[in-house]
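# Structural description and commentary
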Amino acid sequence: MSNFLYFILPALGGYTLTSLYLLKNPHILHRRKRTAFYCTHISHRGGCGERIESTMEAFTHAVQHGTQMLELDCRLTHDGHVVVSHDENLLRQTGHDVTISSLDLQDLPLYKERLEVTFYAGHYSSGADRKLALLEDVFRKFPEIPVSLEIKEYNHKLIEKVSDLVRCYNREEITVWASVNSRIMKECHRMNGSMPYSFSVNRGVLLLLLFYSGLLPFVPLGESLLQFYFPRIINRTFIPEKRILRNKLLVCLLEKVTMRKSLFKHLAARGIQVHLFVCNEDDDIKAAFEVGATGVMSDYPTVLSSYLSRNRSQE
């Protein structure tokens, strides 16, 4: 036993010191990723706290007020049009219990006149534009604005059509594949490997395991972005549907485990942007940057712009 400890303890010590050194100096093993964009100001669903979510009016308002990236979700209509919508069933958004995939584009109902902000309970948005936007219209109107594009369902035709639109508008360098589902993400990457992509949930869990085991500095990463809930907003401004996430102890543990400044600094040094969402108050925006986020996603583009203008060092 003593002989075993004689060899294993120095080996573990050497591994730990090497891992910590490479965590702080990742350029020794990894070439820094180069992306065509770097965004500190991201508008969630187009800035859905100030205009009705995912409408052309919301996207236009966000861009006019300084957003550097639009975050949106895509769905496919029955007649094959890619529309921007977080939900497949339109009951929450329109009051009509219908699905996008069952309707042709011309039959899609309008958004409600007043819509609650998902990540800011008790707050509502409104606007003159109540039509579901076409992804193509977003690409056409904002040719130079990066877009984080989340695919919500495993739908080969949807992924193919999105990829075709990205290629058609020459946006492969500034449009990001995003999905929480690893199977969907693999299909997206297979369909168009030229587009940068974000971590899925499974890959995010693996990232944490690599970090806590000390292996992260040695492992190559294909992702260009990490987009993650800022746990401190859960149960305060965002009330999740899943009861398990309403447990304060669990949320506290989630924050302790995931919000690691050394991890975010390591990712940033490797050229992987870290976006925390959804931060709608100054204190949350400040805390997100302090923990190491390179960018913040907000429902309120004017609030985020105002904060950044008062804190230029964050930009």
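Before reading further, recall that the structure is shown in the block above.
Report on the accompanying structure. Everything quoted here is computed from the prediction, not taken from an experiment. (Residues numbered from 1 in each chain as written. Predicted model: local features only at pLDDT ≥ 70, side-chain atom pairs only at ≥ 80, totals over all residues. Heavy atoms only, no water.)

The subject of this paragraph is the overall build of the chain. Scanning the chain from terminus to terminus reveals 11 helices and 10 strands. Relative to the 2.2 N^0.38 estimate, which gives 20 Å for 315 residues, the radius of gyration of the chain is 21 Å and therefore close to what a compact globule would have. Each principal axis of the C-alpha distribution contributes one length, and for the chain these read about 75 × 40 × 40 Å. Taking as baseline every contact in the chain between residues at least 6 positions apart, the subset at least 24 positions apart corresponds to 66%. Surface accessibility of the chain: about 15,400 Å² in total, with carbon and sulfur atoms responsible for 54%. Looking at charge distribution, the chain has the averaged site of its 38 positive side-chain charges lying 9 Å from that of its 34 negative ones. (Helix = DSSP H or I, 4+ residues; strand = E, 2+ residues; numbered from the N terminus. Rg over C-alpha atoms; globule rule 2.2 N^0.38 Å. Contact = heavy atoms within 4.5 Å. Areas by Shrake-Rupley, 256 points an atom, 1.4 Å probe, with all protein chains shown as cover. Lys, Arg positive; Asp, Glu negative; His and termini not counted. Charge placed at Lys NZ, Arg CZ, Asp CG, Glu CD.)

A separate point is helix H9 (residues 261–269). Residues separated by three or four positions in an α-helix point in the same direction, a consequence of the helix having 3.6 residues per turn. Among all positions in H9, only Leu263, Phe264, His266 and Leu267 are buried. Taken down its axis, H9 places every buried residue within 160 degrees of arc, on the same side. Phi turns positive one or two residues past the end of H9, at glycine 271, with a value near 85 degrees. (Buried < 20%, exposed > 50% of the residue type's maximum accessible area, 1.4 Å probe, protein only. Arc of directions from axis to C-beta.)

The element strand E9 (residues 273–277) is largely enclosed, with a buried count of 5 among its 5 residues. The alternating pattern of E9 places Gln273, His275 and Phe277 and Val274 and Leu276 on opposite faces, both of which are buried. Direction of pairing for strand E8 (residues 225–229) relative to E9: parallel, over a ladder of 5 bridges. Note on E9: the bridge partner recorded for glutamine 227 is histidine 275. By the bridge criterion, 3 bridges tie E9 to strand E10 (residues 295–298) in an arrangement that is parallel. Directly across from leucine 276, in E10, lies its bridge partner valine 296. After leaving E9, the chain enters helix H10 (residues 282–290) and then returns to the sheet as E10, a path that is right-handed. (Pairing = 2+ DSSP bridges. Right-handed = clockwise from strand over helix to strand, strands pointing away.)

Among the surface-exposed residues, Tyr21, Ile28, Leu29, Leu215 and Phe218 lie close enough to one another that they form a single nonpolar patch of about 460 Å² accessible area. Structurally, tyrosine 21 can be placed in helix H1 (residues 2–24). (Patch = residues over 30% accessible without salt bridge, like charges linked within 9 Å, V, L, I, M, F, W, Y side chains within 5 Å. Salt bridge = Lys/Arg side-chain N within 4 Å of Asp/Glu carboxyl O.)

We now examine the packing of aromatic side chains. Counted according to the given criterion, the structure contains 10 aromatic pairs. Among the aromatic residues, ring-to-ring pairing joins Phe119, Tyr229, Phe238 and Phe277 into one connected group. The ring of tyrosine 124 has arginine 114 sitting right over it, with the charged end atom 4.0 Å from the ring centre. When the ring centre of tyrosine 154 is taken as origin, the NZ or CZ atom of arginine 183, which lies over that ring, is 3.6 Å away. (Phe/Tyr/Trp six-rings, centres within 6.5 Å; stacked < 30°, edge-to-face > 60°. Lys NZ or Arg CZ within 6 Å of the ring centre and 35° of its normal.)

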